[in-house]
Amino acid sequence: MKYGRLERERKFLLAGVPDLPSGAEEIYIVDTYFQNTRLRLRETRTPGGEAAFKLTFKHQLSSDQHWINSFSIDAGEARLLRSRLDGAELRKTRWRWAEENDRMLCVDIFDGALRGLCVLEVEAMSDEHLQSFQPAMPVATEITSDILFSGGHLAVHGRPI
């Protein structure tokens, strides 16, 4: 099983909720960012599906590249981590689909205090395919390099705008 990988991504703040492709996969996500660490606990659930949990460590290499290590844990381990470590949560529904050039696109629609925030992420296997991406939906601005829109910052500090 592969635990670590290079993640190449760009992020865009959307002007509103876009029209989504009919084949997009819906995933409900609860992320817990543990304070004073680079650890994130992600709980995912698909409609009608069981919860899955992953503990993730992300190391930023550049504005659009991270080394990401993740491994699956069970519900009991997730409860234990949440009860023992200070964490800040964010909740979102992710719509995910594949595009040409081996690109994966996600639209995250946030809940709770971040309700109404909508972010497009594109992940690609090559720098060329990542940089050549042009969003086909109304974008307010690119936020790839903006730390205020990182998951951990959003969870702790809320909406930056």
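Residues numbered from 1 in each chain as written. Predicted model: local features only at pLDDT ≥ 70, side-chain atom pairs only at ≥ 80, totals over all residues. Heavy atoms only, no water.

**Student:** Which parts of the structure should I look at to understand the environment of Arg 38?
**Tutor:** Considering the arrangement of structural elements, one finds Arg 38 in the loop between strand 2 (25-34) and strand 3 (39-45). The spacing of Arg 38 and Ala 140 is 102 residues in sequence and 28 Å in space, taken between C-alpha atoms. Among all residues touching Arg 38, those that are not within four sequence positions of it are Thr 56, Phe 57, Lys 58 and His 59. Within the structure, Arg 38 has its side chain in polar contact with the side chain of His 59 (distance 2.9 Å). (Helix = DSSP H or I, 4+ residues; strand = E, 2+ residues; numbered from the N terminus. Contact = heavy atoms within 4.5 Å. Polar contact = N/O pair within 3.5 Å; in protein donor to acceptor, adjacent residues only side chain to side chain.)

**Student:** Hey, could you run me through the pattern of salt bridges in this one?
**Tutor:** Two side chains carrying opposite charge are able to pair once their charged atoms lie near each other. Under the definition given, this model contains 17 salt bridges. Two residues, Arg 5 and Glu 123, come together in a salt bridge whose shortest N-O distance is 2.6 Å. Of this pair, Arg 5 sits in strand 1 (residues 4-14) while Glu 123 sits in strand 8 (residues 118-123), and the two are 118 residues apart along the sequence. Residue Glu 142 pairs with Arg 10 through a salt bridge whose shortest N-O separation is 2.9 Å. With a gap of 132 residues between them, Glu 142 in strand 9 (residues 139-142) and Arg 10 in strand 1 connect regions that are remote in the sequence. Several salt bridges share partner residues, and in doing so they unite Asp 31, Arg 40, Arg 42, Lys 92, Arg 94, Asp 108 and Glu 121 into one network. (Salt bridge = Lys/Arg side-chain N within 4 Å of Asp/Glu carboxyl O.)

**Student:** Is there a simple way to explain the pairing of strand 4 (residues 52-62) in this structure?
**Tutor:** The side chains of a regular strand alternate between both faces of the sheet. By the bridge criterion, six bridges tie strand 3 to strand 4 in an arrangement that is antiparallel. From the neighbouring strand, Arg 42 faces strand 4, where its bridge partner is Lys 54. Joining the antiparallel neighbours strand 3 and strand 4 is a turn of six residues, in which Gly 48 adopts a positive phi near 75°. (Pairing = 2+ DSSP bridges.)

It is worth stressing that arrangement in space is one thing and function is another; only the former is reported here.
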